[in-house]
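Close look at the chain arrangement
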Amino acid sequence: VATGDLTRSITVEAQGEVAELKDNINSMVRSLRETTKAYQDQDWLQSNLARIAGQMQGHRDLRVVAELIMDDVVPLVGGQHGTFFLAEGDDGETRLRLIAGYGLRADIEAPSQFRLGQSLIGQVARTRKPIVVTDLPADYVKISSGLGEAAPVNLMILPVVFEDQVLGVIEAGSFSRFTQVHQDFMEQLMETIGVNVN
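Anyway, here's the lowdown on the structure attached to this text. (Residues numbered from 1 in each chain as written. Predicted model: local features only at pLDDT ≥ 70, side-chain atom pairs only at ≥ 80, totals over all residues. Heavy atoms only, no water.)

**A look at the pairing of strand E7 (residues 154–162)**
With eight of its nine residues buried, E7 lies for the most part within the structure. By the bridge criterion, nine bridges tie E7 to strand E8 (residues 165–174) in an arrangement that is antiparallel. When the bridges of E8 are listed, Leu155 appears paired with Gly173. (Buried < 20%, exposed > 50% of the residue type's maximum accessible area, 1.4 Å probe, protein only. Helix = DSSP H or I, 4+ residues; strand = E, 2+ residues; numbered from the N terminus. Pairing = 2+ DSSP bridges.)

**Considerations on the side chain of Ser174**
Tracing the backbone through its elements, the reader meets Ser174 in strand E8. Among the polar contacts listed, one links the side chain of Ser174 to the backbone oxygen of Ser176, at a separation of 2.9 Å. Excluding anything up to four places from it in sequence, Ser174 contacts Gly78, Gly79, Gln80, Pro152, Val153 and Asn154. (Polar contact = N/O pair within 3.5 Å; in protein donor to acceptor, adjacent residues only side chain to side chain. Contact = heavy atoms within 4.5 Å.)

**Side note on the pattern of salt bridges**
This model, assessed by the stated rule, comprises six salt bridges. Ionic pairing is found between Arg51 and Asp72, a salt bridge with its closest N-O pair at 2.9 Å. Of the two residues, Arg51 is situated in helix H1 (residues 16–56) and Asp72 in helix H2 (residues 62–76); the sequence distance between them amounts to 21 residues. A salt bridge links Arg95 to Glu93; the nearest nitrogen and oxygen atoms lie 3.6 Å apart. Residue Glu93 is classed as partly exposed on the basis of its relative accessible area, which comes to 33%. Taken together, the shared-partner salt bridges in this structure form one network comprising Glu93, Arg95 and Arg115. (Salt bridge = Lys/Arg side-chain N within 4 Å of Asp/Glu carboxyl O.)

**Overview of the sheet that holds strand E2 (residues 93–102)**
Taken together, six strands build an open sheet; the order of strands is E3-E2-E1-E8-E7-E4 and the sheet is antiparallel. Two strands lie at the open edges of the sheet, namely strand E3 (113–115) and strand E4 (131–134), each paired on one side alone. Taken over all neighbouring pairs, the strand axes of this sheet differ in orientation by 20 degrees on average, direction set aside. Alignment of strand E1 (residues 81–90) against E2, held across nine bridges, turns out to be antiparallel. The partner of Phe85 across the bridge, within E2, is Leu98. (Axes fitted to C-alpha atoms, helices over the stretch in contact; angles between N-to-C directions.)

**Describing a nonpolar patch on the surface**
Together, Val1, Met28 and Leu32 give the surface a local cluster of nonpolar side chains, amounting to about 240 Å² of exposed area. Within the secondary structure layout, Met28 lies in helix H1. What makes Met28 partly exposed here is its relative accessible area of 43%. (Patch = residues over 30% accessible without salt bridge, like charges linked within 9 Å, V, L, I, M, F, W, Y side chains within 5 Å. Areas by Shrake-Rupley, 256 points an atom, 1.4 Å probe, with all protein chains shown as cover.)

**Details of the packing of H1 against helix H4 (residues 180–197)**
In contact at an axis separation of 10 Å, H1 and H4 are set at 25 degrees when each is read in the N-to-C sense. The pairing of H1 with H4 is recorded here as roughly parallel in orientation. In the packing of H1 onto H4, the handedness of the crossing is right-handed. Side by side, H1 and H4 meet where Asp41, Trp44, Leu45, Gln46, Asn48, Leu49, Ile52, Ala53 and Met56 of the first sit next to Val181, His182, Asp184, Phe185, Gln188, Leu189, Thr192, Ile193 and Asn196 of the second. Of the residues assigned to the contact of H1 with H4, the class counts are ten nonpolar, six polar and two charged. (Parallel < 35°, antiparallel > 145°, perpendicular 65-115°, else oblique. Left-handed = near helix turned anticlockwise from the far one by under 90°. Nonpolar A, V, L, I, M, F, W, Y, C, P; charged D, E, K, R; others polar.)

**Some details on unusual backbone geometry**
The backbone phi angle of Arg128 is positive, close to 60 degrees, even though this residue is not glycine. If you trace the backbone, Arg128 turns up in the loop between helix H3 (119–127) and E4. For Glu163, which is not glycine, the phi dihedral falls at a positive 50 degrees. Here Glu163 lies in the loop between E7 and E8.

The structure is reproduced here in structure tokens:
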């Protein structure tokens, strides 16, 4: 523990004061491990927020920014599939149009645009609240490569908002569950993306 190895615990059988000491040391190590993990998560979150914000600065082409976000952010949170929908006004009606993706299948028949409230993309845009879906059905969508394909386990859909106006929606899918720090990172990043998209 003194050298930084927080995976250890005392497992010997003991009685009396020695048993109490063992329990206290094990409790201390657990607490140190949790605190260290929390600090590491915060450091990861803050450093990556700053890095992504720096990468977006200076770009004027929205498609380039959207592709940069997809190419960097989706794998950063452990995702293998992603979409970026941009909000556009047309005859007083807001539509969300697909402008960038990550790992999208070429033969996919999914719609490339949605109205507010239509599908989970439109729902997130209308309510301005993120949605996380766990345990997706096997036939929901497939993440594919040259070797094969499989369904994601977790889906995270987040609104891109600037001054209470929805500018877009970002979706990420993963074979594994998104951690809490990944969700916190994505939610905080949406503010930065909102400023840049605006």
